[in-house]
Amino acid sequence: MFFLKRLASLLFALLLLCGCSGTTSESPKAKDTTTIAVLLKAMDNPHWQEMRKGILDTASERGVDVILLYPENETDTRQQTMIFQDMLEQQPDALLWAPCDSSLGPQMKALADQAGVPLFTVDTRASDVELPYIGADNHQIGSMAAKYLAQNAGYQGQFAVIAGVQEQDVHVERAEGFLQGMAPYPGIEVVDIRYSKNGYGFNYAMSVTQDLLDQYPNLTGIFCTSGVMGLGCAEQIKANFRQNQILVVTQDTQSDVLSAVSNGLISAMITQDGYEAGYLAINAILKSLSGQEIEQNIYLSSELLTRRNVDDFMKDYLQRRDQHD
């Protein structure tokens, strides 16, 4: 009983801290209202902020209540697990989960099944379990990055990958797609893949990039498995006065990454729209709850952007956002 009270206290504290309770008020849920619990990884970068906006906008349009929470950072698996368990205690109609640790898939599905709550994943898959997934085709993203880098390097050179934690399948899948995409080219060598052990972000990418530059002075290009890391990598390359020598490719459709491509700091990016993920996720859940069959994998659209086409994309992207504001 003490443990359950502690979980309830934690949830209430997080609600106050996060300030993200979706379309719901503090009044009890009406009997005819659908409530979707959403557990994301964090809210410390534009990708998650865009996803939250997509979720809340779509829920509002569809007349759905949302409970939206997240841990303090993307690698705080323990905190996310506690929030997950407490969300189930509230008996939502469905739970949308972005795993901090993909290996917890079977455990979390068992808890959700026991509570009678349908479970869906967004952004990152859960391993070793069949759960609906809404997000990017991450193998495709890695492959697209490899194709661009190979072509623009004349199909030769040394390349590296800066990735997030291996516990999250999203980073592993992108790195695997990149390796597969580079495999056909004998003149290309993938010299290093750096997975983070204790979190990742802008400063982490800067530090790893400097280490790669020191260890591989002839490095041709770097693929970063998140937009924030791509920005940190590009800044460190610029600090070494090598922005015209080393190609950087990343992803995540967020304004700072788009601007970095536009001004040439980042060579290319592959779109992964957090807003679109939120929109698709809410609609997929409602479709499933109505008894209709949904696809096991609902993929976002992905497009390669360079300095040549990013400005046109940004105009269309901002127009789409304005329609929802």
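These lines cover the structure that appears in this document, whether it is placed above or below. Values in this document were obtained by computation on a predicted structure and should not be read as measured data. (Residues numbered from 1 in each chain as written. Predicted model: local features only at pLDDT ≥ 70, side-chain atom pairs only at ≥ 80, totals over all residues. Heavy atoms only, no water.)

**Quick notes on the sheet that holds strand β1 (residues 35–39)**
Heads up, the condition is: By definition, two strands form a pair when at least two bridges between them are found by DSSP. Labels follow the DSSP assignment, with helices taken as runs of H or I lasting at least four residues and strands as runs of E lasting at least two, numbered in each case from the N terminus. To get an axis, a line is fitted to the C-alpha atoms, and for a helix only the part in contact is used. The angle between two axes follows their N-to-C directions and goes from 0 to 180 degrees.
One open sheet holds the 6 strands; their spatial order is β2-β1-β3-β4-β5-β11, and the pairing between them is parallel. Lying at the two open borders of the sheet, with one neighbouring strand each, are β2 (65–69) and β11 (297–299). Averaged over all neighbouring strand pairs, the angle between strand axes comes to 20°, with direction disregarded. Bridge count for β1 against β2 is 5 bridges, and the pairing is parallel. Bridge assignment links Ala37 to a residue of β2, and that residue is Ile67.

**Comments concerning the packing of aromatic side chains**
Going by this rule: Working definition: a ring pair exists when centres of Phe, Tyr or Trp rings (six-membered ring for Trp) sit within 6.5 Å. Plane angles under 30 degrees give stacked, over 60 give edge-to-face, the rest tilted. The classification of residues rests on relative accessible area computed with a 1.4 Å probe and restricted to protein chains. Under 20% of the type maximum is buried, over 50% is exposed, and intermediate values are partly exposed. Counting as a charge over the ring demands two things of the Lys NZ or Arg CZ atom: a distance within 6 Å of the ring centre and an angle within 35 degrees of the ring normal.
According to the stated counting rule, one finds 4 aromatic pairs in the structure shown. Considering the side-chain rings of Phe84 and Trp97, the 5.5 Å spacing of their centres and the 70° angle between planes classify their relative orientation as edge-to-face. Here Phe84 is found in helix α3 (residues 77–89), whereas its partner Trp97 is found in strand β3 (residues 94–97), with 13 residues between them in sequence. Take Trp97: its relative accessible area is 0%, and that puts it in the buried class. Here Tyr133 and Tyr299 contribute two aromatic rings whose centre-to-centre distance is 6.3 Å and whose plane-to-plane angle is 70°, an arrangement assigned as edge-to-face. On the criterion of sequence distance, the pair formed by Tyr133 in strand β5 (residues 133–135) and Tyr299 in strand β11 is long-range, its members being 166 residues apart. The aromatic ring of Tyr133 is capped on one face by Arg125, whose charged end is 4.3 Å from the ring centroid.

**Notes on the nonpolar core**
Put simply, the rule reads: Among the buried residues, those of types Ala, Val, Leu, Ile, Met, Phe, Trp, Tyr and Cys that are joined through side-chain atoms within 4.5 Å form a nonpolar core.
Counting 28 residues, the largest nonpolar core has Val38, Leu40, Ile55, Leu68, Leu96 and Val122 as its most contacted members. For this core, the element with the highest residue contribution is helix α10 (residues 274–289), accounting for 6 residues.

**Section: helix α8 (residues 227–239)**
Our working rule: Multiplying 1.5 Å by the helix residue count minus one yields the expected span of that helix. Contacts are assigned to residue pairs with any non-hydrogen atoms lying within 4.5 Å of each other.
Helix length check: α8, at 13 residues, gives a terminal C-alpha distance of 18 Å against a target of 18 Å (1.5 Å per residue), a fit within 8%. For α8, the tally of buried residues reaches 10 of 13 residues, placing the bulk of the element in the interior. Of all the residues in α8, the buried ones are Gly227, Val228, Met229, Gly230, Leu231, Gly232, Cys233, Ala234, Gln236 and Ile237. Here the buried face of α8 lies against β6 (157–165), α7 (202–215), β8 (219–224), β9 (247–251) and α9 (255–262). A positive backbone phi angle near 60° is found at Phe241, which sits one or two residues after α8.

**A few points about the pairing of strand β4 (residues 119–122)**
Every second residue of β4 is oriented toward a common face, with Leu119 and Thr121 on one face and Phe120 and Val122 on the other, all of them buried. Sheet topology places β3 next to β4; 3 bridges connect them, and they run parallel. By the bridge assignment, Trp97 is partnered in β4 with Thr121.

**A word on the sheet that holds strand β12 (residues 304–305)**
The strand order across the open sheet formed by 6 strands is β7-β6-β8-β9-β10-β12, and the pairing between neighbours is mixed. Taken across any chain shown, the strands that pair with only one partner, and hence form the sheet edges, are β7 (188–196) and β12. Looking at chain direction, β9 and strand β10 (residues 268–270) are connected through 3 bridges and run parallel. Bridge pairing in β10 links Gln251 to Ile270. Packing of helix α5 (residues 138–152) onto the sheet brings it into contact with β6, β7, β8, β9, β10 and β12, and relative to β9 it is tilted by some 160°. This element, α7, spans β6, β7 and β8 of the sheet and lies at about 145° to β7.

**Looking at the pairing of β8**
This is how it is decided: Handedness is read with the strands pointing away from the viewer; a crossover is right-handed when the path from the first strand over the helix to the second is clockwise.
When you tally the buried positions in β8, you get 6 out of 6 residues, the bulk of the element. Across 5 bridges, β6 lies against β8 in parallel orientation. Within the sheet, the bridge partner assigned to Val161 lies in β8 and is Phe223. Both β8 and β9 contribute to a ladder of 3 bridges, which runs parallel. Of the residues in β9, the one forming a bridge with Phe223 is Val249. On the question of chirality, the crossover connecting β8 to the parallel β9 by way of α8 is right-handed.

**As for the packing of α7 against α8**
Cut-off, in case you're wondering: Working rule for angles: under 35 degrees goes down as roughly parallel, over 145 as roughly antiparallel, 65 to 115 as roughly perpendicular, anything else as oblique. For any pair of crossing helices, the crossing counts as left-handed if the nearer helix is rotated counterclockwise from the farther one by less than a right angle, and right-handed if it is rotated clockwise.
Running from amino to carboxyl end, α7 crosses α8 at an angle of 45°, the nearest separation of the two axes being 7 Å. With respect to α8, the axis of α7 lies oblique. Of the two elements, α7 crosses α8, and the hand of that crossing is right-handed. Residue-level contacts link Phe202, Tyr204, Ala205, Met206, Thr209 and Gln210 of α7 to Val228, Met229, Leu231, Gly232, Cys233, Glu235, Gln236 and Ile237 of α8.

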